Amino acid sequence: MKTRRRMRQAMLTVIMLCTLCVSTVLAKNEEKSSRADEVTVLFTHDIHSHLDEFKVADGKVGGFGRLKTALDKERSGNPATFVFDGGDFSMGTLYQTVYETEAAELTMLGRLGYDAVTFGNHEFDYRSEGTANMFHSALENAQDDPSIVLPKFVTANIDWQKNDSKDNRLIQNALEDYGSTPYTVVEREGVRIGVFGVLGEDAEACAPESGLNFEPIVDTSKEVVKELEKEGVDMIVCLSHSGTNEDEDKSEDEILAKEVPQIDVIVSAHTHTKLEEYIKSGDTYIVSAGCYGEYLGDLKMSPTDDGRWELEKYTLHHLDETVVPDAKVNEELATYKKLVNEEYLSRFDYTFDKVLAENGVAFTQMDRFAGELKEDPLGSIIADSYVYAVEQAEGDAYEKVDAAVAPSGTIRDTLQKGALTVSDAFNVCSLGIGADRIPGYPLVSVYLTGAELKTAAEIDVSVSPIMTTAQLYPSGLHWTYNPNRMMLNRVTDAALYDDLAQDSEKTRKELEDDKLYRVVAGLYSAQMLGAVEDTSKGLLKITPKDRDGKAVKDFEKHIIHDKNGAELKEWYALAGYLESFDKNKEGISQIPQRYAKAQGRKEEIDSKNIIELVKQPNKFAFIVYGAVIIIILLLILTVRFLIKRRKKKKNMIY
């Protein structure tokens, strides 16, 4: 009896286990069958506050109105559609001026139905206080309007332990209030996508105002992926504000894909790259859609038998004039535009769409700007505007500006043909914030010696070919260079000219090495001049000084103010200069045709003549030449020693 009872119990156990296994298999099959067989991943990055459409050479593109239309179209075609942004959604147009108070960019991403976004380096441009204020303003907007569903904010590699600073605590508290997490899981149509955000090494270097430290993206991603695998997600998407590079050793997102192969999709931001064809590393797809919201990235993906995903179709939708903007979105943007006029532009006696000038000059488009070492009229007109604006601001107390410089890295947009508005001028010089906590970098006045001005020219011709953001566009200072000469010794001549004078009055003025000259630049640019010594490991040295020759420690104390005590902003200098030219019969300023071509500010002499290659050596060249001579002498002495030794041995043998 006991044996039969045991047999029955064993049989029941086996039946129960079999039933459980069958149920599990059926459940898994049912789960698979209920999962969408195609997923659409839509993405943007580096929008830079371009909420409105904007002008390009052949029309108008972008804008959140068109973006909303395109998003709705894709969602209607596939309910399993997910929408992400890779950071730098702010800083680039006048909408950024209400970044702290209205959080227009993040709020509008919520209105457009984005699922998740992450940090870019420019989210920190208004420093930790500005970033924290932005998050709190977005939360207030969502509380006041229940129709706003803010996107999840994912940021995984901030190192909160590295320092315990006020900046650190401000942002940490704001993120906690917002509900930010390292990663989130978004589920739609049975598909669970794990999304996380990281900010790369170069992007961190571009955000000194953040006050934060970031862990390496590979280390962080490995840890996050482990957590997402425990969550049992179907797909892993990384929003990486790191970027790609033609040099694979510097291509942060390609390195990430190789080191963390479990990631299915990397939305690669920061470098403003437009990848017409995706990059594939193993089973990981790296995608980029350019900048400013001109394109909407679109991936159509289907699951494979091994649990990964295959990219069936990759499209960059061009949001050009064939896409009809969403009317409601444009109404909401009009409200923000009104706030910009009231809260920001009123202090400058300007409005968003006021026409400053009519332009017939074909200035360089941004996709080609600073691509090669040469004088560029866009840089020239900006640098000239600094000189003009300082003279206007200082009036009778004006002290002559000998030179002004505008680096390519701070120039964010070009001037298109046609009517140029206040908004257009702002977009060109849109970065930063002043000591007054009012948006826009101010101009500063410092003094450099003649020798240091030559060094600045040398930085332009030797460094900018390998670091395009360092290219300098001058006013007042002209230089000649030979690209065949030794690096850091390519400038063969430098002198001062009055670029705002009539051509007949542009006389040459020789530079004196020890004499101090007044130089004007944007706050950020002046600070970077002071960092040249550290960056070049002591090979080059530029020390910005005050008029008494003392080294400048705090650049904010050298900000230029107008007659009313307001900081003279870079963009405002450009706007005023655009208005200053001769008027047409309608009373509108006309951009002079002299800006249609180069004016001899940077002249290349491409010569391989031995005399041209070695003449006028600078201090660096003397050091190198001296080192070469010493090496040659040592080689000669070594050879002579070996010959003598060999002869001595030979004599001893015989």
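Worth saying up front: this structure is predicted, and the values here are computed from it rather than measured.

Let's shift gears to the overall build of the protein. For the protein, the count of helices and strands is 18 helices and 25 strands. Intrachain contacts of the protein at a sequence separation of at least 6 include 75% that bridge at least 24 residues. Summing over all exposed atoms, the protein offers an accessible surface of approximately 31,200 Å²; the carbon and sulfur share of this is 51%.

Take helix H9 (residues 252–259) next. Taken as a whole, H9 has its buried residues at Glu252, Asp253, Glu254, Leu256 and Ala257. Its buried side turned inward, H9 meets helix H7 (201–205), helix H8 (217–231), strand E9 (235–241), strand E10 (265–268), strand E11 (279–281) and strand E12 (284–287).

Our next topic: the nonpolar core. Ranked by internal contacts, the top residues of the largest apolar core, which has 97 residues, are Phe64, Ile382, Trp571, Leu578 and Ile591. Top contributing element to this core by residue count: helix H11 (residues 377–394), with eight residues. Excluding residues that lie within four positions of it along the chain, Leu578 makes contacts with Leu356, Ala357, Ile381, Leu415, Leu420, Ala425, Ser589 and Ile591. Counting 31 residues, the second-largest nonpolar core is a separate cluster that includes Val446, Ala457, Val491 and Val552.

Strand order in this open sheet of four strands is E22-E21-E20-E25, and the pairing throughout is mixed. Of all strands in the sheet, those bounded by a partner on one side alone are strand E22 (509–510) and strand E25 (602–604).

In space, the four strands of this open sheet follow the order E18-E23-E16-E19, with mixed pairing throughout. Each of the sheet's edge strands pairs with one partner strand only, and the pair in question is strand E18 (443–449) and strand E19 (472–475). Direction aside, neighbouring strands of the sheet carry axes that sit 30° apart on average. Two elements, strand E16 (residues 403–407) and strand E23 (residues 516–522), share two bridges in a ladder whose sense is parallel. By the bridge assignment, Ala403 is partnered in E23 with Val519. Docked against the sheet, helix H13 (residues 450–463) engages E18, E19 and E23, running at close to 110° with respect to E18.

Quick look at a negative patch on the surface now. Taken together, the side chains of Asp37, Glu38, Glu310 and Glu312 define an acidic patch exposed on the protein surface. Structurally, Glu312 can be placed in strand E14 (residues 309–318).

Considering every residue of the protein, the mean pLDDT works out to 90; 89% of them sit at 70 or more. Every residue in residues 18–31 scores below 50 in pLDDT, and together they form zero contacts with partners more than four places removed in sequence or on other chains.

The geometry of helix H4 (residues 104–111) relative to helix H10 (residues 327–343) is characterised by a closest axis approach of 12 Å and an angle of 165° between their N-to-C directions. Taken together, the axis directions place H4 and H10 in an arrangement best described as roughly antiparallel. For H4 against H10, the interelement crossing comes out right-handed. The residues of H10 that touch H4, namely those facing Ala104, Thr107, Met108 and Arg111, are Val329, Glu332, Leu333 and Tyr336. Classifying every residue of the contact of H4 with H10 gives five nonpolar, one polar and two charged.

Centre distance and the angle of the planes are the two values used to describe a pair of aromatic rings. Overall, the coordinates contain 27 aromatic pairs when judged by the stated rule. With a centroid separation of 6.0 Å and 85° between ring planes, the pair formed by Phe54 and Tyr292 is classed as edge-to-face. In this pair, Phe54 is assigned in strand E2 (residues 54–56) and Tyr292 in the loop between E12 and strand E13 (295–303), connecting sequence segments 238 residues apart. The exposure class of Tyr292 is buried, given its relative accessible area of 11%. Put simply, the rings of Phe89, Phe119, Phe124, Phe135, Phe153, Tyr178 and Phe214 touch in pairs and so form one group of aromatic residues. Sitting above the plane of the Phe82 ring, Arg188 keeps its charged end 5.1 Å from the centroid.

Moving on, we get to H4. In terms of burial, H4 is a largely internal element, seven of the eight residues being buried. Residues of H4 that are buried include every one of Ala104, Glu105, Leu106, Thr107, Met108, Leu109 and Gly110, and no others. Residues of H4 that are buried sit in contact with helix H2 (64–77), helix H3 (99–102), strand E5 (116–117), helix H5 (127–144), helix H6 (166–178) and H10. Gly113 lies just past H4 and shows a positive phi near 85°.

A few words now on the pattern of salt bridges. Counted by the stated rule, this structure contains 34 salt bridges. A salt bridge links Glu332 to Arg111; its shortest N-O distance comes to 3.2 Å. Of the two residues, Glu332 sits in helix H10 while Arg111 sits in helix H4, which places them 221 residues apart along the sequence. Looking at Arg111, the relative accessible area reads 26%, which means it is partly exposed. What emerges from the salt-bridge pattern is a single network uniting Asp52, Lys337 and Asp353.

Further remarks concern the packing of H5 against H6. A pair of packed helices is captured by two measures, namely the crossing angle of their axes and the spacing between those axes. The geometry of H5 relative to H6 is characterised by a closest axis approach of 8 Å and an angle of 15° between their N-to-C directions. Here H6 runs roughly parallel to H5, going by the angle between their axes. Handedness of the H5/H6 crossing: left-handed. On H6, the residues that touch Ser128, Glu129, Thr131, Ala132, Phe135, His136, Ala138 and Leu139 of H5 are Asp167, Leu170, Ile171, Ala174, Leu175, Asp177 and Tyr178.

What follows concerns the side chain of His270. Its location among the elements puts His270 in the loop between E10 and E11. By relative accessible area, His270 is classed as buried at 12%. At 3.4 Å, the side chain of His270 and the side chain of His241 are in polar contact. If we skip the residues at most four places from it in the chain, His270 touches Asp46, Asn121, Asp202, Ala203, Cys206, His241, Ser242 and Gly243.

Moving on: the environment of Thr364. Looking at where Thr364 falls in the secondary structure, it is placed in the loop between strand E15 (355–359) and H11. For Thr364 and Leu378, which are 14 residues apart along the polypeptide, the C-alpha to C-alpha distance reads 6.8 Å. Not counting residues within four places of it along the chain, the set of residues in contact with Thr364 comprises Phe369, Asp376, Leu378 and Thr414.

Despite not being glycine, His48 shows a phi value in the positive range, around 50°. Relative to the assigned elements, His48 resides in the loop between strand E1 (39–44) and E2. Classification of His48 as buried rests on a relative accessible area of 1%.

Residues Ile466, Met467 and Met487 make up a contiguous nonpolar surface patch of about 310 Å² in total accessible area. Among the structural elements, Met487 can be located in the loop between strand E20 (477–481) and strand E21 (491–496). Judged by its relative accessible area of 36%, Met487 is partly exposed.

Criteria and thresholds
Residues numbered from 1 in each chain as written. Predicted model: local features only at pLDDT ≥ 70, side-chain atom pairs only at ≥ 80, totals over all residues. Heavy atoms only, no water. Helix = DSSP H or I, 4+ residues; strand = E, 2+ residues; numbered from the N terminus. Contact = heavy atoms within 4.5 Å. Areas by Shrake-Rupley, 256 points an atom, 1.4 Å probe, with all protein chains shown as cover. Buried < 20%, exposed > 50% of the residue type's maximum accessible area, 1.4 Å probe, protein only. Core = buried A, V, L, I, M, F, W, Y, C linked by side-chain atoms within 4.5 Å. Pairing = 2+ DSSP bridges. Axes fitted to C-alpha atoms, helices over the stretch in contact; angles between N-to-C directions. Patch = residues over 30% accessible without salt bridge, like charges linked within 9 Å, V, L, I, M, F, W, Y side chains within 5 Å. Salt bridge = Lys/Arg side-chain N within 4 Å of Asp/Glu carboxyl O. Lys, Arg positive; Asp, Glu negative; His and termini not counted. Charge placed at Lys NZ, Arg CZ, Asp CG, Glu CD. pLDDT = per-residue confidence, 0-100. Parallel < 35°, antiparallel > 145°, perpendicular 65-115°, else oblique. Left-handed = near helix turned anticlockwise from the far one by under 90°. Nonpolar A, V, L, I, M, F, W, Y, C, P; charged D, E, K, R; others polar. Phe/Tyr/Trp six-rings, centres within 6.5 Å; stacked < 30°, edge-to-face > 60°. Lys NZ or Arg CZ within 6 Å of the ring centre and 35° of its normal. Polar contact = N/O pair within 3.5 Å; in protein donor to acceptor, adjacent residues only side chain to side chain.

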